[in-house]
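# Coordinates in review
Here is how the chains run, residue by residue.
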Amino acid sequence: MIAAAPVLEVKELSVEYQTDAGAVRAVDRVSLDVAKGEFLGIVGESGCGKSTLLFAIARLLTPPAEIAGGSVHFGGRDMVAMTEPELRHIRWRDYSVVMQSAMNALNPVMTIGAQLRDAIEAHERQSAQSLRERSEQVMRLVGIDPVHLGSYPHQLSGGMRQRAMIAMALVFTPDLVIMDEPTSALDVVAQRSLMLQIKDLQRRIGFAAVFVTHDMSLVSHFSDRLAVMYAGQIVEIGDTRAVFADPKHPYTKGLMHSFPSISGPKERLVGIAGSPPDLLHLPSGCRFHPRCPSVMPRCRTEEPPFYQQDGDLVRCHLYDR
Amino acid sequence: MKTEPRPLLETVSLTRHFRLGGVFSKRILHAVDDVDLAIGAAEIVALVGESGSGKSTIARLIARVYRPTRGEIRYHGRPLSAMRSRAEQLEYRGHVPMVFQDPYGSLSPVYRVSHGVLRALKLHRPALAKSAREQVAAELFESVGLSPGREFLVKYPYELSGGQRQRVGFAQALACSPELILADEPVSMLDVSVRIGVLNLMATLRRELRISFLYITHDIASARYVADRLIVMYAGQIAESGPVEDVLAHPKHPYTQLLLSAVPDPRAPISLPASSEVAEPPRVVSPGEGCRFRARCPFAIDECSVSTPHLRLLRPAHTAACHVAASDVADLMPDTERAASSR
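Report follows, based on the coordinates. (Residues numbered from 1 in each chain as written. Chains lettered and ligands numbered in written order. Predicted model: local features only at pLDDT ≥ 70, side-chain atom pairs only at ≥ 80, totals over all residues.)

### Points about the overall build of chain B
In terms of helices and strands, chain B carries 11 helices and 12 strands. With 343 residues in all, chain B has 48% of them scored as buried. Long-range pairs, those at least 24 residues apart, make up 66% of the contacts in chain B between residues at least 6 apart in sequence. (Helix = DSSP H or I, 4+ residues; strand = E, 2+ residues; numbered from the N terminus. Buried ≥ 20, exposed ≤ 12 C-beta atoms within 10 Å, placed from the backbone. Contact = placed C-beta atoms within 7 Å.)

### Describing the overall build of chain A
A count of helices and strands for chain A gives 10 helices and 12 strands. Expected size for 321 residues packed as a compact globule is a radius of gyration near 20 Å; at 21 Å, chain A falls within 12% of this value. Overall, chain A is about 70 × 50 × 45 Å in size when its C-alpha atoms are taken along their principal axes. Counting every position in chain A, which comprises 321 residues, the buried fraction comes to 48%. Considering only contacts in chain A between residues 6 or more positions apart, those separated by 24 or more positions represent 65%. (Rg over C-alpha atoms; globule rule 2.2 N^0.38 Å.)

### Examining helix 7 (residues 192-209) of chain B
Compared with the 26 Å implied by 1.5 Å per residue over 18 residues, the 26 Å span of helix 7 of chain B between its first and last C-alpha is a close match. Turning to helix 7 of chain B, its buried residues number three or more, namely Val192, Ser193, Val194, Arg195, Ile196, Gly197, Val198, Leu199, Leu201, Met202 and Leu205 of chain B. Where helix 7 of chain B is buried, its residues meet helix 10 (250-256) of chain A together with strand 3 (44-48), helix 6 (162-174), strand 7 (180-184), strand 8 (212-217) and helix 8 (220-226) of chain B. Positive backbone phi, approximately 55°, marks Arg210 of chain B, located one or two places after helix 7 of chain B. (Expected span 1.5 Å × (residues − 1).)

### A closer look at helix 1 (residues 55-62) of chain B
All names here are of chain B. With 7 of its 8 residues buried, helix 1 lies for the most part within the structure. Turning to helix 1, its buried residues number three or more, namely Lys55, Ser56, Thr57, Ile58, Ala59, Leu61 and Ile62. Arg64 sits one or two residues past helix 1 and shows a positive phi near 65°.

### Things to note about the sheet that holds strand 4 (residues 65-74) of chain A
All names here are of chain A. Sheet architecture is open: 4 strands sit in the order 2-1-4-5, paired in antiparallel fashion. Only two strands of the sheet have a single partner each, and these edge strands are strand 2 (22-34) and strand 5 (77-78). Inspection of the sheet shows strand 4 paired to strand 5 by 2 bridges, in the antiparallel sense. Residue Phe74 lies in a different strand from strand 5, and its bridge partner there is Arg77. (Pairing = 2+ DSSP bridges.)

### Concerning the interface of chain B and chain A
At the junction of the two partners, chain B supplies 36 residues and chain A supplies 35 residues. Of all the secondary structure elements, the ones that give two or more residues to the side of chain B that touches chain A are helix 7, helix 8 and helix 10 (254-262) of chain B. A per-element tally of the side of chain B that touches chain A places helix 7 of chain B first, with 6 residues. Residues that form the side of chain B that touches chain A fall into these classes: 20 nonpolar, 8 polar and 8 charged. (Nonpolar A, V, L, I, M, F, W, Y, C, P; charged D, E, K, R; others polar.)

### Quick notes on the pairing of strand 11 (residues 312-315) of chain B
Residue and element names in this part refer to chain B. Pairing between strand 11 and strand 12 (residues 318-320): 3 bridges, direction antiparallel. Considered in strand 12, the bridge of Leu313 is made with Thr319. Count of turn residues in the strand 11/strand 12 antiparallel hairpin: 2 residues, of which Ala317 carries a positive phi of about 60°.

### Quick look at the environment of Ile262 of chain A
Within the secondary structure, Ile262 of chain A is located in the loop between helix 10 and strand 11 (307-309). Judged by local crowding, Ile262 of chain A falls into the buried class, with 20 C-beta atoms found within 10 Å. Leave out the neighbours within four places in its chain, and Ile262 of chain A touches Ile220, Ala221, Arg224, Leu248, Leu260, Val263 and Asp265 of chain B.

### What to know about the environment of His214 of chain A
Positionally, His214 of chain A belongs in the loop between strand 8 (208-213) and helix 8 (216-219). When the C-alpha atoms of His214 of chain A and Leu54 of chain A are compared, they prove to be 14 Å apart, with 160 residues separating the residues in sequence. Ignoring anything within four residues of it in the chain, the contact list for His214 of chain A reads Val43, Gly44, Glu45 and Ser46 of chain A together with Val192 of chain B.

### With respect to the packing of helix 3 (residues 115-124) of chain B against helix 4 (residues 130-143) of chain B
Relative orientation and spacing of two packed helices are given, respectively, by the angle between their axes and the distance between those axes. Residues and elements named next belong to chain B. It is the contact of helix 3 with helix 4, at a shortest axis distance of 10 Å, that shows an interaxial angle of 125°. Classified by the angle their axes make, helix 3 and helix 4 are oblique. Helix 4 is crossed by helix 3, and the crossing has right-handed handedness. Where helix 3 abuts helix 4, its residues Val117, Leu118, Leu121 and Lys122 lie against Arg133, Val136, Ala137 and Leu140. Here the contact of helix 3 with helix 4 is built from residues that sort into 6 nonpolar, no polar and 2 charged. (Axes fitted to C-alpha atoms, helices over the stretch in contact; angles between N-to-C directions. Parallel < 35°, antiparallel > 145°, perpendicular 65-115°, else oblique. Left-handed = near helix turned anticlockwise from the far one by under 90°.)

### Overview of the nonpolar core
Ala167 and Ile178 of chain A together with Ala46, Ala171, Met202, Leu214 and Tyr215 of chain B are the most contacted members of the largest nonpolar core, which totals 187 residues. The element best represented in this core is helix 7 of chain B, accounting for 8 residues. With residues up to four places along the chain from it excluded, the contact list for Leu214 of chain B reads Ile39, Val45, Leu47, Ala59, Ile62, Leu180, Leu182 and Ala183 of chain B. (Core = buried A, V, L, I, M, F, W, Y, C linked by C-beta atoms within 7 Å.)

### Points about the sheet that holds strand 5 (residues 78-79) of chain B
Residues and elements named next belong to chain B. Overall, antiparallel pairing links the 4 strands, which are arranged 2-1-4-5 in an open sheet. Lying at the two open borders of the sheet, with one neighbouring strand each, are strand 2 (28-39) and strand 5. Across 8 bridges, the pairing between strand 1 (residues 9-19) and strand 2 is antiparallel. If you follow Thr11 over to strand 2, its bridge partner there is Leu37. Here helix 1 sits on the sheet in contact with strand 1, strand 2 and strand 4 (70-75), set at roughly 65° to strand 2.

### Remarks on the packing of helix 6 of chain B against helix 7 of chain B
Residue and element names in this part refer to chain B. Packing of helix 6 against helix 7 brings their axes to within 9 Å, and their N-to-C directions diverge by 15°. Relative to helix 7, the element helix 6 is oriented roughly parallel. The handedness of the crossing between helix 6 and helix 7 comes out as right-handed. Contact residues: Gly162, Gly163, Gln166, Arg167 and Phe170 in helix 6; Val194, Gly197, Val198 and Leu201 in helix 7. Looking at the contact of helix 6 with helix 7 residue by residue, the class counts come to 4 nonpolar, 4 polar and 1 charged.

Written as structure tokens, this is what we have:
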């Protein structure tokens, strides 16, 4: 679709948490790339490692979590090898992060304007005049009246707080915006409105987006490509519409039969038997095999590699030929 | 849907206000205003609405956590306010239990998961001996899909997944032979792949044990999946009510229409509207007269800021509180007619 060199290139990235019971691998050899201006959705259930992956990409992991292997190239430079001062230089200016809960990510005792000023001044010295202009400009960009620069987070609604977070993330027009469930605390109407706004801003500004969510249907209309994670691994990655039209991995298929629809015939859904595995005691072979309806003998012993199938990559022995 | 002479539970002009600020404050939060709803035997009624619309307050009023500011709740035709004795109240609480949203916060981590069920049995069925109680508890666990029940009884919450914990919540609710279970967002904190199992459990309990449910959710698709009737709340009032398929196929209230258009549906054709509606929650602090949706409503007329619309019957068994919505029923009722949500 977009041929130029990718903005973000993740190769064989692994993240481990050091615990008393040993190292827990929360992200296992994940590879993905994001082209300029592309919207990549990452979906998975709680504990599948999707947020840990985002934090690793943004180099925001704190102990006991640490990168155990692999590389993250952003704009041609290896982020894993970067030192904290080097990171501080590009963080926020070249890439930014929107967190899940704006109420926790914003400082409750500082006005929105003061928090924006902090972020800007960390990178550039600016006159009060141009600071003000820049702040007003990004607030308008996300559809908030600039009078709210003087407001405290608690004075804004949930949707406005999330939009203020996005305003902060866009203040330096970054190349990449990493988003961790930014809409999950919102009602459907506000959620839809925010998603439309993110998509619209993305088209206008041209940043690439990595968007993590547990709600597959949410990204169905918004992402260009979709990666499905299960137990720390990507199990399927491909064009969003293709994945929805024809899911390949039994887990993706199961997810598609897990949420009811408001249109079409009413059918009985079954979900997926069992529950996601404990990362300390991963099943042998394919990690999904205990829950898989199409399980074969080799799935119990042999971990599937990625197989090419209609342009998608699928980690499932069904596609071995 | 059958029209019953007397519903299992009904609310009449149910209202709950909260005073904001100090004792002398004039700022009154209208959490629930004049809600009439009815739940029949073995019926699943879904209550949907955004956060702050008053849906959880209704559940808490029915569960007697709050007392109504005004209005009445009738159970088998009998007002709750008339239940004076402890025995009566205990019986009501056993018959109308609640299942909570957070399966992680609603079970005490220091007790075995059977603690709640055993306590309930001890309190509500004192005649049972200890061994019989354990037998009943094991059977209850089996009936909610925690099998083998005996093995699950001795587990601690941390040993169970979110879906299993929520099933423990249902087992607790089943302990006192309930007639109506108040399920407040029972699946919203569960993983997508296990949600449907809990929804199917609700459907099974209704079919096999004829238990009614008030299913509170913000997820219309799941409401459609399990419920017979749908009640849409907006800013503390009922905006629309009717058979679930009829409301989804013919939404009458502009808010219901907005809500339906916002549901992400991968099976729907991919189309992105050019502009987005900036959604702001409604003002329910001392709201005054007029339709509470009018500021966001594309069809608002002068009338909407003057008088509060009441529920009108617009289709068979389907009502909406809107001055503008057109009726599909041949014999149009006068505007002043207040049709109860269940007729």
